[in-house]
Amino acid sequence: MATIKIKQVKSKIGYPIDQKRTLKCLGLRKISQVVEVEDNPSVRGMIRKVHHLVTVVE
């Protein structure tokens, strides 16, 4: 299955708890951390929810 690399580019401080939990579910804890996750619709939805905090690395 295809994968996506996601990088956290902004702090989660000051954002709602649901967005903090979304970052945790994606496996992101620190700024500049990169994780590789499966490319499926649920992950795409999580990325869309926190698009202002993360970037997709190609």
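Refer to the structure presented above.
About the thresholds
- Residues numbered from 1 in each chain as written.
- Predicted model: local features only at pLDDT ≥ 70, side-chain atom pairs only at ≥ 80, totals over all residues.
- Heavy atoms only, no water.
- Helix = DSSP H or I, 4+ residues; strand = E, 2+ residues; numbered from the N terminus.
- Buried < 20%, exposed > 50% of the residue type's maximum accessible area, 1.4 Å probe, protein only.
- Contact = heavy atoms within 4.5 Å.
- Areas by Shrake-Rupley, 256 points an atom, 1.4 Å probe, with all protein chains shown as cover.
- Lys, Arg positive; Asp, Glu negative; His and termini not counted.
- Charge placed at Lys NZ, Arg CZ, Asp CG, Glu CD.
- Axes fitted to C-alpha atoms, helices over the stretch in contact; angles between N-to-C directions.
- Parallel < 35°, antiparallel > 145°, perpendicular 65-115°, else oblique.
- Left-handed = near helix turned anticlockwise from the far one by under 90°.
- Nonpolar A, V, L, I, M, F, W, Y, C, P; charged D, E, K, R; others polar.
- Core = buried A, V, L, I, M, F, W, Y, C linked by side-chain atoms within 4.5 Å.

Colleague: Quick one: what's the story with the overall build of the protein chain, residue by residue and with numbers?
Modeller: Counting secondary structure elements, the protein chain contains two helices and three strands. Secondary structure elements in the protein chain, listed N-terminal to C-terminal, are β-α-β-α-β. Within the protein chain, the fraction of its 58 residues that count as buried is 26%. Long-range pairs, those at least 24 residues apart, make up 72% of the contacts in the protein chain with a sequence separation of at least 6. Summing over all exposed atoms, the protein chain offers an accessible surface of approximately 4,000 Å²; the carbon and sulfur share of this is 54%. Charge-centre separation for the protein chain: the mean point of 12 positive side chains lies 11 Å from the mean point of 5 negative side chains.

Colleague: Explain unusual backbone geometry to me, using residue names and the numbers behind them.
Modeller: Unlike most non-glycine residues, Ser32 shows phi in positive territory, near 75°. Given a relative accessible area of 48%, Ser32 falls into the partly exposed group.

Colleague: Which residues make up the packing of helix α1 (residues 17-26) against helix α2 (residues 41-49), and what are the values?
Modeller: Packed helix pairs are specified by the crossing angle of their axes together with the interaxial distance, meaning the distance between the axes. Remark: α1 packs on α2, axes separated minimally by 10 Å, with the N-to-C direction vectors making an angle of 135°. As far as their axial angle goes, α2 and α1 are oblique. The handedness of the crossing between α1 and α2 comes out as left-handed. Here α1 contributes Asp18, Gln19, Thr22, Cys25 and Leu26 to the contact with α2, which in turn contributes Val43, Met46 and Lys49. Across the contact of α1 with α2, the residue classes tally to four nonpolar, two polar and two charged.

Colleague: Describe the nonpolar core, and please don't skip the residues or the numbers.
Modeller: Within soluble globular proteins, side chains that are nonpolar generally end up buried alongside one another. Counting residues in hydrophobic clusters, the biggest one holds twelve residues: Ile4, Ile6, Leu23, Leu26, Leu28, Val35, Val37, Val43, Ile47, Val50, Leu53 and Val54. Of all the secondary structure elements, the ones that give two or more residues to this core are β1 (3-8), α1, β2 (34-38) and α2. Not counting residues within four places of it along the chain, the set of residues in contact with Ile4 comprises Val35, Glu36, Val37, Asp39, Arg44, Ile47 and Val56.

By themselves, these observations are geometric and do not establish any function.
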